[in-house]
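Report on the structure
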There are 2 protein chains.
Amino acid sequence: MTPITVVLVDDHVVVRSGLKALLGTQPDIAVVGEAASGEEALAAAETSSPDVILMDLAMGPGMDGIEAIRKLRQRNGKQAVIVFTTYDSDADIVRAVDAGAIGYLLKDAAPEEIFAGIRAAVQGKSVMSPPVASRLFQQMRNPDEVLTAREAELLSLLTQGLSNRELGKQLFISEATVKTHLAHIYAKLGVETRAAAIAKAIRREGMR
Amino acid sequence: MTPITVVLVDDHVVVRSGLKALLGTQPDIAVVGEAASGEEALAAAETSSPDVILMDLAMGPGMDGIEAIRKLRQRNGKQAVIVFTTYDSDADIVRAVDAGAIGYLLKDAAPEEIFAGIRAAVQGKSVMSPPVASRLFQQMRNPDEVLTAREAELLSLLTQGLSNRELGKQLFISEATVKTHLAHIYAKLGVETRAAAIAKAIRREGMR
DNA sequence: GGCGGTATCAGCCAAATGGCTGAGAGACCA
DNA sequence: TGGTCTCTCAGCCATTTGGCTGATACCGCC
């Protein structure tokens, strides 16, 4: 029986070797590639064509995890992408699912949880860590508090301290559109100013 | 020749096993213990009495890394504590050094850097990742980047999302004074807008 | 006594932000 | 086909914020 092939994407050496050590204990799982950036992830997916990709979201400069997932989906891509990251941010979850991730595991997950996630992913099933699941349920209960992917993207940049003009340039939209999105975001977050939105977003999202 | 004994403290399984795998390649370094929390770290230091402790700062609920370091120093403790964390926050660096850490390495450090850090630590020498070092130098060069007590107080409220008017009411000063303080804070933080100041403050100061 | 740092306040003006209404294009679904 | 959602854009106007200059008062220090 051929093992499940996995590529690891994370900019930290220790995380990659940690995962490799953990996954090495499972006879039905084989790590066939590693990458430290979004760009490398695309290349590794190409050459190794794994069954599953374990992907961190935050990866220093360059292409981030979300973008890498999106690009993978745009190609052919029968690889299942599982997000493997530190924080359970609403915005990141939404954006990751939107980009085409099939699972969302936190780095403090138990090893068994990770193994189960990988095995589920190859069968097209989703697995997520409990905190992630509860956030999703939360969102389903009151759907008009859920940010759209675009709004989440904007909020993420907002927490970098960008002005409306800069936000527009970054996202290739006009300032008018930025203001529209912001108004929606404020309403959904229950705040009235950009300052409060940033404070709330960073604190409740673990956005970094 | 007896190897250098090391205890790893990190709430992520993958990070611990990653480090163990990396350090296992060095014949003069032996991992003799692991801990997933500050409390466990103290216990492990007691039972294993290692030469070096590699300690993450952020560790979920309970005692954080800084506090664990402080407690270790308060005891007898000839163990050298090296901080091993993801972010190079000014506040964290200062607090870690203050608590008694001898080194400060980032998780994206090259393996050689980590090995060198451990070997230096047992000889009482300090090693820190380049970004950490540059931050420290930065602070020493221009000490007028340090916020005054009043400014820090204002910044703290600012990160709650208050407006100038609200800040004034809270602190019993006029809006004009609030604006003066803000201008000074912006200059010291190297930002130009309130949004950027909030983002920077929350992220780099751990203000929560 | 003067000097530097801190905290306080004022006024003026340009720029950014937020609230509002309205609207077109595309996707998706019933 | 029609309704809903999302994303996009525009204009108008009130408020807020930020940059500037200048001023007073207190404190510690040489």
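An account of the accompanying structure is given in this report. Since the model is a prediction, treat every value here as computed from it, not as a measurement.

Parameters and conventions
Residues numbered from 1 in each chain as written. Chains lettered and ligands numbered in written order. Predicted model: local features only at pLDDT ≥ 70, side-chain atom pairs only at ≥ 80, totals over all residues. Heavy atoms only, no water. Helix = DSSP H or I, 4+ residues; strand = E, 2+ residues; numbered from the N terminus. Buried < 20%, exposed > 50% of the residue type's maximum accessible area, 1.4 Å probe, protein only. Contact = heavy atoms within 4.5 Å. Areas by Shrake-Rupley, 256 points an atom, 1.4 Å probe, with all protein chains shown as cover. Near = heavy atom within 4 Å. Polar contact = N/O pair within 3.5 Å; in protein donor to acceptor, adjacent residues only side chain to side chain. Salt bridge = Lys/Arg side-chain N within 4 Å of Asp/Glu carboxyl O. Nonpolar A, V, L, I, M, F, W, Y, C, P; charged D, E, K, R; others polar. Pairing = 2+ DSSP bridges. Axes fitted to C-alpha atoms, helices over the stretch in contact; angles between N-to-C directions. Parallel < 35°, antiparallel > 145°, perpendicular 65-115°, else oblique. Left-handed = near helix turned anticlockwise from the far one by under 90°. Core = buried A, V, L, I, M, F, W, Y, C linked by side-chain atoms within 4.5 Å.

Within chain A, the secondary structure is distributed over 10 helices and five strands. Taking all 208 residues of chain A together, the buried fraction comes to 52%. Within chain A, residue pairs in contact and separated by at least 24 positions form 62% of the contacts whose partners lie at least 6 positions apart. In the form shown here, chain A has an accessible surface area of approximately 9,200 Å², with 54% of it arising from carbon and sulfur atoms.

As a matter of local geometry, DNA strand D sits amid 16 residues, with A:Thr148, A:Arg150, A:Ser174, B:Lys179 and B:Arg194 nearest to it. Of all atoms in DNA strand D that approach within 4 Å of the protein, 68% are sugar or phosphate atoms. Contact between DNA strand D and B:Lys179: a base oxygen at 2.6 Å from a side-chain N or O atom of the residue. Between a phosphate oxygen of DNA strand D and a main-chain N or O atom of B:Arg194, the distance comes to 2.6 Å. Where the surface near DNA strand D is concerned, the elements lending two or more residues are helix 9 (175-189) of chain A together with helix 8 (164-171) and helix 9 (175-189) of chain B.

Here we come to the interface of chain B and chain A. Tallying the contact residues gives 31 residues for chain B and 31 residues for chain A. Applying the counting rule to chain B against chain A returns zero salt bridges. Our count for the contact surface shared by chain B and chain A stands at zero residue pairs in polar contact (both at pLDDT 80 or more). Looking at which element gives the most residues to the side of chain B that touches chain A, the answer is helix 1 (residues 13-24) of chain B, with eight residues. Here the residues of the side of chain B that touches chain A are counted per class, giving 17 nonpolar, eight polar and six charged.

Residue and element names in this part refer to chain A. The five strands lie next to each other as 2-1-3-4-5, forming an open sheet whose pairing is parallel. Only two strands of the sheet have a single partner each, and these edge strands are strand 2 (29-35) and strand 5 (103-106). For this sheet, the mean inter-axis angle between neighbouring strands, taken without regard to orientation, is 25°. Across six bridges, the pairing between strand 1 (residues 4-9) and strand 2 is parallel. Opposite Val 7, over in strand 2, you have Gly 33 as the bridge partner. Against the sheet, helix 1 (residues 13-24) makes contact with strand 1, strand 2, strand 3 (52-55) and strand 4 (80-85), and its axis sits at roughly 170° relative to strand 2, the strand it touches most.

This part takes up unusual backbone geometry. Of note, the phi angle at A:Ser49 is positive, near 35°, even though the residue is not glycine. For A:Ser49, the location among the structural elements is in the loop between helix 2 (38-48) and strand 3.

To describe two helices that pack against each other, one gives the angle between their axes and the distance between the axes. Residue and element names in this part refer to chain A. Put simply, helix 2 and helix 3 (residues 65-74) touch, their axes get as near as 9 Å, and they point 30° apart. Overall, the two elements helix 2 and helix 3 adopt an arrangement that is roughly parallel. Our pair here, helix 2 against helix 3, has a crossing hand that is right-handed. Only Ala 68, Lys 71 and Leu 72 of helix 3 make contact with helix 2, whose side of the interface consists of Gly 38, Leu 42 and Ala 45. Taken together, the residues that form the contact of helix 2 with helix 3 break down as four nonpolar, one polar and one charged.

What follows concerns the environment of A:Ala99. In this structure, A:Ala99 sits in helix 4 (residues 90-99). Separated by 25 residues in the primary sequence, A:Ala99 and A:Gln74 have C-alpha atoms spaced 9.5 Å apart.

Let us look at the side chain of B:His12. Residues and elements named next belong to chain B. As for its position among the elements, His 12 is in the loop between strand 1 (4-9) and helix 1. Residue classification places His 12 among the buried residues on the basis of a relative accessible area of 8%. For His 12, the side chain forms a polar contact with the side chain of Asp 11, separated by 3.2 Å.

Residues and elements named next belong to chain B. One can find Gly 190 in the loop between helix 9 and helix 10 (194-205). With relative accessibility at 61%, the residue Gly 190 sits in the exposed group. Sequence separation between Gly 190 and Lys 200 is 10 residues; the distance between their C-alpha atoms is 9.5 Å.

Right, let's talk about the nonpolar core for a bit. If you look at the biggest cluster of nonpolar residues, it comprises 41 residues, and the most contacted ones within it are A:Leu155, A:Leu158, A:Leu167, A:Leu182, A:Ile185, B:Leu158 and B:Leu167. Those elements that place two or more of their residues in this core are helix 7 (149-158), helix 8 (164-171), helix 9 and helix 10 (194-205) of chain A together with helix 7 (149-158), helix 8, helix 9 and helix 10 of chain B. Per-element tally for this core: the top contributor is helix 10 of chain B, with seven residues. What A:Leu167 contacts, discounting residues up to four positions off in sequence, is A:Leu154, A:Leu157, A:Leu158, A:Leu162 and A:Val178. Counting 40 residues, the second-largest nonpolar core is a separate cluster that includes A:Ala80, B:Val15, B:Leu19 and B:Leu54.

Neighbouring residues of DNA strand C: 16 residues in total, closest A:Lys179, A:Arg194, B:Thr148, B:Ser174 and B:His181. For DNA strand C, the fraction of protein-proximal atoms (within 4 Å) that sit in sugar or phosphate groups is 66%. Within the backbone of B:Ser174, a nitrogen or oxygen atom sits 2.6 Å from a phosphate oxygen of DNA strand C. At the level of secondary structure, the elements contributing two or more residues to the surface near DNA strand C comprise helix 8 and helix 9 of chain A together with helix 9 of chain B. Considering every element that reaches the surface near DNA strand C, the biggest residue donor is helix 9 of chain B, with four residues. A breakdown of the residues in the surface near DNA strand C according to their chemical character gives three nonpolar, eight polar and five charged.

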